[in-house]
Amino acid sequence: MTSPDPDSGRFGRSKARFDPLPPWVGPSTRLVHGARRPERNAGAVVPPIYQTSTFHFPAEHSEAEGPGETHLYSRTDNPTLEGPAELIRQLEGGESARLFGSGMGAIVGTVLSLVRSGDEVVAAGGLYGGTTDFLTDLLPRYGIATRALSDVEADTPEARLTNRTRLVLLETPTNPLLRVHDIARWAAECDRVGALLVVDNTFATPINQTPLSLGADLVVQSATKYLGGHADLLAGVAVGPHALVDRIDELGYLGATLDPFAAYLLGRSLKTLALRVERQNANGAAVATAAARHPAIARVHYPGRASRDDESIAARQMRGRGGTLALSLRGGADAADRFLRGLHFVHVASSLGGVESLASIPRQTSHRHLSDAARHAAGIDDGLVRLALGIEDTSDLVRDIIESLDALERTPRAAPL
């Protein structure tokens, strides 16, 4: 892995320069001060929104602003995107960052830029349903083979790759069962066969986990989730060495670039990322512990809880376990539906990572396209509820969830129609 260049600060073709920070500053300080360019922003503390589709482009190239500072068109480069891209780049420890209009935009743009007909892609473990559909349904139409591994198979990367494998996409913790997989072990195996390792770091965020430091080649995230953090934007990001991100950037003409206003909102949100994740880590751990003791719960899914091996991996590669967990209710689908109706502070909605707590049923949302047999084989039972906890007071969330579980014990199961 190439060492990061602290002054690169690139989005797309831009090569913006930011005030350098000392290497010893922590993540909260870095998120507030890591993308300062007061001389560019007329002294404004908050960078402006460059809400424009195109830029004045002189007939003769002028390098007065420095190499790469001339902007042409917002589908390929816009100054508003440079700040948030730089902050994410610094947190992940990469050389370059590329922002997209959604997490799926980041995944699709990354994969398509790195593979070609005849290659093999390995989908390792429990990936987001949309990612799985893209890899297994769309890529084979263009001569790119995909092998999807179960969570159990993903525990042994040494037995899973071939000389045809060119890219591995690994999501850890997984969605929705929160399994953890050994990034360093996967990186070593990818190096052995000459494949690239791309890690989806959406659930962990760079506050809790930095895959590049563990040997991954690229990191992708849905910035819609924790990075955005307020359920009011769609965004995605890819981070890694210049050579790979430049290849991704060559597909900028596909049109998945983040728009300036969403980039402004993302930059605003990143300033509080470390604070929000700290509370969400605390809420996740507290709810997981409390729910595990409840008789209505068959199993709690939370990073490190699946097995001793999972706990060993999580302790080694994660600084915090996150605010997302899943509960398998003993009463199946009926109990899951009644549990959701009994919640007061937890909205029933898809997505995760916001300041408000959300609950969803994977069989109805992220994995609704899978057959019943495929879902059950993946360990996604009918009573599984995913909780994405926000920044509410920990005691309030624990009480709300436990009281709704208590109500299941007091209310008889609904009779079939």
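What you see is a predicted model; the values in this text were computed from it and never measured.

Engineer: Residues and numbers for a nonpolar patch on the surface, please.
Structural biologist: Taken together, the side chains of V45, V46, I49, F261 and Y264 present a nonpolar region at the surface, about 450 Å² in accessible area. For Y264, the position within the fold is in helix α8 (residues 260-270).

Engineer: Let's hear about the sheet that holds strand β5 (residues 196-200): which residues, and what values?
Structural biologist: Spatially, β1-β7-β6-β5-β4-β2-β3 is the arrangement adopted by the seven strands of the open sheet, whose pairing is mixed. Where the open sheet ends on each side, the last strands, each with one partner, are β1 (96-100) and β3 (145-148). Averaged over all pairs of adjacent strands, the angle between their axes in this sheet comes to 20 degrees, without regard to strand direction. Where β5 and strand β6 (residues 218-222) come together, three bridges link them in parallel fashion. Within β6, the residue paired with V198 across the bridge is L218. The strands that helix α4 (residues 129-138) touches are β2 (120-124), β3 and β4 (165-171); relative to β3, the one it contacts most, it runs at about 135 degrees.

Engineer: Help me get a handle on the packing of aromatic side chains, residues and values and all.
Structural biologist: With the rule as written, the count across this model stands at one aromatic pair. On the basis of an interplanar angle of 25 degrees and a centroid distance of 6.2 Å, the ring pair of F261 and Y264 is categorised as stacked. Taken together, the residues span about one helical turn, with F261 and Y264 both in helix α8 at a distance of three residues. Owing to a relative accessible area of 42%, F261 belongs among the partly exposed residues under this scheme. Over the aromatic face of F100 sits the side chain of R98, whose NZ or CZ is 5.2 Å from the ring centroid.

Engineer: Kindly report on the pairing of β5, identifying the contributing residues and their values.
Structural biologist: For β5, the tally of buried residues reaches five of five residues, placing the bulk of the element in the interior. Covered by surrounding structure in β5 are L196, V198 and D200 together with L197 and V199, the residues of both alternating faces. Bridge count for β4 against β5 is five bridges, and the pairing is parallel. Pairing of V168 across the sheet is with L197, part of β5. The β-α-β motif built from β4, the intervening helix α5 (residues 183-193) and the parallel element β5 has right-handed crossover chirality.

Engineer: Lay out the packing of helix α3 (residues 103-114) against helix α7 (residues 242-249) in plain terms, naming residues and giving numbers.
Structural biologist: Where α3 contacts α7, the axes come no closer than 8 Å and their chain directions differ by 105 degrees. Taken together, the axes of α3 and α7 lie roughly perpendicular to each other. Taking contact as the criterion, the partners of G109, T110, S113 and L114 in α3 are, on α7, L244, R247 and I248. Partitioning the contact of α3 with α7 into residue classes produces three nonpolar, three polar and one charged.

Engineer: So what's going on with the sheet that holds strand β9 (residues 324-329)? Residues and values would help.
Structural biologist: The five strands lie next to each other as β8-β9-β12-β11-β10, forming an open sheet whose pairing is mixed. Pairing within the sheet leaves two strands with one partner each, and these edge strands are β8 (297-301) and β10 (346-348). Neighbour-to-neighbour, the strand axes of this sheet turn through a mean angle of 25 degrees, independent of strand direction. Taken together, the three bridges between β10 and strand β11 (residues 357-360) define a ladder with parallel strand orientation. Bridging from a neighbouring strand, H347 pairs with L358 of β11.

Engineer: Can you explain α5? Please cite residues and give values.
Structural biologist: Listed as buried for α5 are I183, W186, A187, E189, C190 and V193. Buried residues in α5, looked at end-on, bunch into an arc of 165 degrees, giving them a common side. Residues of α5 that are exposed and point over 90 degrees away from its buried face: D191 and R192. Looking at the buried side of α5, the elements it contacts are β2, β4, β5 and α10 (308-317). Backbone nitrogen of A184 and a side-chain oxygen of the N-cap are separated by 3.2 Å at the start of α5; the cap is D182. Two residues or fewer past α5, G194 is found with a positive phi of approximately 80 degrees.

About the criteria used
- Residues numbered from 1 in each chain as written.
- Predicted model: local features only at pLDDT ≥ 70, side-chain atom pairs only at ≥ 80, totals over all residues.
- Heavy atoms only, no water.
- Patch = residues over 30% accessible without salt bridge, like charges linked within 9 Å, V, L, I, M, F, W, Y side chains within 5 Å.
- Areas by Shrake-Rupley, 256 points an atom, 1.4 Å probe, with all protein chains shown as cover.
- Salt bridge = Lys/Arg side-chain N within 4 Å of Asp/Glu carboxyl O.
- Helix = DSSP H or I, 4+ residues; strand = E, 2+ residues; numbered from the N terminus.
- Pairing = 2+ DSSP bridges.
- Axes fitted to C-alpha atoms, helices over the stretch in contact; angles between N-to-C directions.
- Contact = heavy atoms within 4.5 Å.
- Phe/Tyr/Trp six-rings, centres within 6.5 Å; stacked < 30°, edge-to-face > 60°.
- Buried < 20%, exposed > 50% of the residue type's maximum accessible area, 1.4 Å probe, protein only.
- Lys NZ or Arg CZ within 6 Å of the ring centre and 35° of its normal.
- Right-handed = clockwise from strand over helix to strand, strands pointing away.
- Parallel < 35°, antiparallel > 145°, perpendicular 65-115°, else oblique.
- Nonpolar A, V, L, I, M, F, W, Y, C, P; charged D, E, K, R; others polar.
- Arc of directions from axis to C-beta.
- Polar contact = N/O pair within 3.5 Å; in protein donor to acceptor, adjacent residues only side chain to side chain.

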